[in-house]
Amino acid sequence: MNTDPDRSGQARALTVLTPIEPRAQDDLRRYLEELKAAGSPLARLPRTHFGRWVIVADFTPDDERKPDHLAVPYLLFTACFDGALDSYLDELCDELAAEAPAIWGRCAGAPKPPTGAPLKAYLRAHQAKTGFFVAAYPQATVGHVHAALKQREDVIAFARAAQGMDPAQLQAAFLEQVGG
Amino acid sequence: MAIAEGPSAGPLTATGTDPRNVDGQAICITVFSTVKWWGRLWLPLVFVYARLVPSAHGTLARLSFIHFARWTLVRRLPEQRLRHPHLFFESNFNGGWEEYIDAFSHILTRGMTLFWGSSYGFPTPLPTGRFKDYIKRHEIVASHFYSAYPDATTTIVLSALELDAKLGEFRARTRGMDPEAFARAWRDFVTDVQGCL
């Protein structure tokens, strides 16, 4: 029975909402949108399945019946990742040291510089607890998914190549190409 | 009017969403909605029910295009007192935006009402037109979205993981077999895992 709302199997959800400093929203948006050109920095976190940064200008549309406007825009960061949160945040603060000043450095109350243990504490202080988290493959780590996808390609290629092989060839090729 | 966002990165993709919400086959959706006073009490109960009752997972599992999804009730922010709680929903999925919302509405009709029934302005999940309008008005485009395996759909990931388990059994079962028996076992194996290839 899963009693931790941030967990589904071994997978975990992280949700962080941090207030953006006045007048920093446009520069932050531009920076985040340009990140992809050089490859996502989240790729350097091998436990991350999915991640996103979203600038939340407001929670509600202007014509909402009961508008509840944000005083300042917020930066939403979420990740679906493997294993424990504590070590993941360590890795995040370490691996994103180059990008963090341009991202969380534009958020109010962030440590100066926004790196290491002070950044980790800042992110923890702004974490929102998940209500319900669901994963299609909750026990599979990113490494397991990558290996399984590669293996599937190998098996498909082998199954095609194996047509017409005699039994001895087939067995030898299987052991060599797919592994015994 | 939808929630204010930055300038568009371009026209909607073939997936029916902004290109900033897309990484390869993967699409993200980010939605905030304002929750009525009783949702502050109601939604935590829904979350507990969804976590502890296996059938809730089973229904979501029928949506074979979702990698990960979450619902979070934002009750407070360290820097601002909120008049209302807000429901945050995110999903990481593949396929098309329209098809995603359609499937959600048709398969999770009751669940959608449980999750969003306490949000202001939430229409019934069916017919889907009004619900799509509601989601569009409350959706926020991502500035950066990342998938570790952007070319793989949920179905392909699940197939690869199933194949991995079956291949492990096959290797163990055929170790030391003579070539003739191995060839027969291989043919049976390929037939068995056809759906994973």
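Residues numbered from 1 in each chain as written. Chains lettered and ligands numbered in written order. Predicted model: local features only at pLDDT ≥ 70, side-chain atom pairs only at ≥ 80, totals over all residues.

**Here's the deal with the overall build of chain A**
Here is the rule we go by: Numbering goes from the N terminus for both helices and strands, where a helix is a DSSP run of H or I of at least four residues and a strand is a run of E of at least two. What the globule rule says is 2.2 Å times the number of residues to the power 0.38, and the radius of gyration is computed from C-alpha atoms.
Looking only at helices and strands, chain A has 6 helices and 5 strands in total. Mapped in sequence order, the helices and strands of chain A form the string β-β-α-β-β-α-α-α-β-α-α. In terms of overall dimensions, chain A is more spread out than a globule: its C-alpha atoms have a radius of gyration of 22 Å, far above the 16 Å expected for 180 residues. Across its three principal directions, the C-alpha atoms of chain A cover 75 × 35 × 35 Å.

**A closer look at the interface of chain A and chain B**
Let me state the cut-off plainly: Residue pairs are scored as contacts if the distance between their C-beta atoms, which are placed from the backbone, is within 7 Å. In this count, Pro and Cys sit with the nonpolar residues alongside Ala, Val, Leu, Ile, Met, Phe, Trp and Tyr, while Asp, Glu, Lys and Arg are called charged and the others, Gly among them, polar. Think of it this way: DSSP has to see at least two bridges between two strands before they count as a pair.
Each partner contributes to the interface: chain A provides 68 residues, whereas chain B provides 71 residues. Elements supplying a minimum of two residues to the side of chain A that touches chain B: β2 (11–19), α1 (25–34), β3 (48–56), β4 (74–82), β5 (132–135), α5 (142–162) and α6 (167–177) of chain A. Here the side of chain A that touches chain B takes 10 residues from α5 of chain A, the largest share from any one element. Here the residues of the side of chain A that touches chain B sort into 41 nonpolar, 15 polar and 12 charged. As judged from the 4 bridges shared by β5 of chain A and strand β3 (residues 66–74) of chain B, these two strands associate in the antiparallel manner. Bridge pairing in β3 of chain B places Phe 133 of chain A opposite Arg 70 of chain B.

**Some thoughts on the packing of α5 of chain A against helix α6 (residues 154–174) of chain B**
Definition in use: Lines fitted to C-alpha atoms define the axes, with helix axes restricted to the stretch in contact, and inter-axis angles between N-to-C directions lie between 0 and 180 degrees. In these notes the angle categories are as follows: under 35 degrees is roughly parallel, over 145 is roughly antiparallel, 65 to 115 is roughly perpendicular, and the rest is oblique.
The N-to-C vectors of α5 of chain A and α6 of chain B enclose an angle of 75°; their axes lie 8 Å apart at closest approach. By the criterion of interaxial angle, the relationship of α5 of chain A to α6 of chain B is roughly perpendicular. Packed against α5 of chain A, whose contacting residues are Val 145, Ala 148, Leu 149, Gln 151, Arg 152 and Val 155 of chain A, the element α6 of chain B presents Val 157, Ser 159, Ala 160, Leu 161, Leu 163, Asp 164 and Leu 167 of chain B at the interface. When the residues that make up the contact of α5 of chain A with α6 of chain B are grouped by side-chain class, the tally is 9 nonpolar, 2 polar and 2 charged.

**Structural notes on the domain arrangement of chain B**
Heads up, the condition is: Residue ranges assigned to each domain were obtained from an automatic or database domain assignment.
Domain annotation of chain B identifies domain 1 (19–138) and domain 2 (154–196). Each of domain 1 of chain B and domain 2 of chain B has a C-alpha centre, and these two points are 38 Å apart.

**As for the sheet that holds strand β2 (residues 26–34) of chain B**
Hydrogen bonds between backbone atoms are what pair the strands of a sheet, whose relative direction is either parallel or antiparallel. Overall, antiparallel pairing links the 5 strands, which are arranged β5(A)-β3(B)-β4(B)-β2(B)-β1(B) in an open sheet. Edge positions in the sheet fall to β5 of chain A together with β1 (22–23) of chain B, since each of these pairs with one other strand and no more. For β2 of chain B and strand β4 (residues 86–94) of chain B, the ladder comprises 9 bridges, and the chain directions are antiparallel. The residue of β4 of chain B that forms the bridge with Phe 32 of chain B is Phe 88 of chain B.

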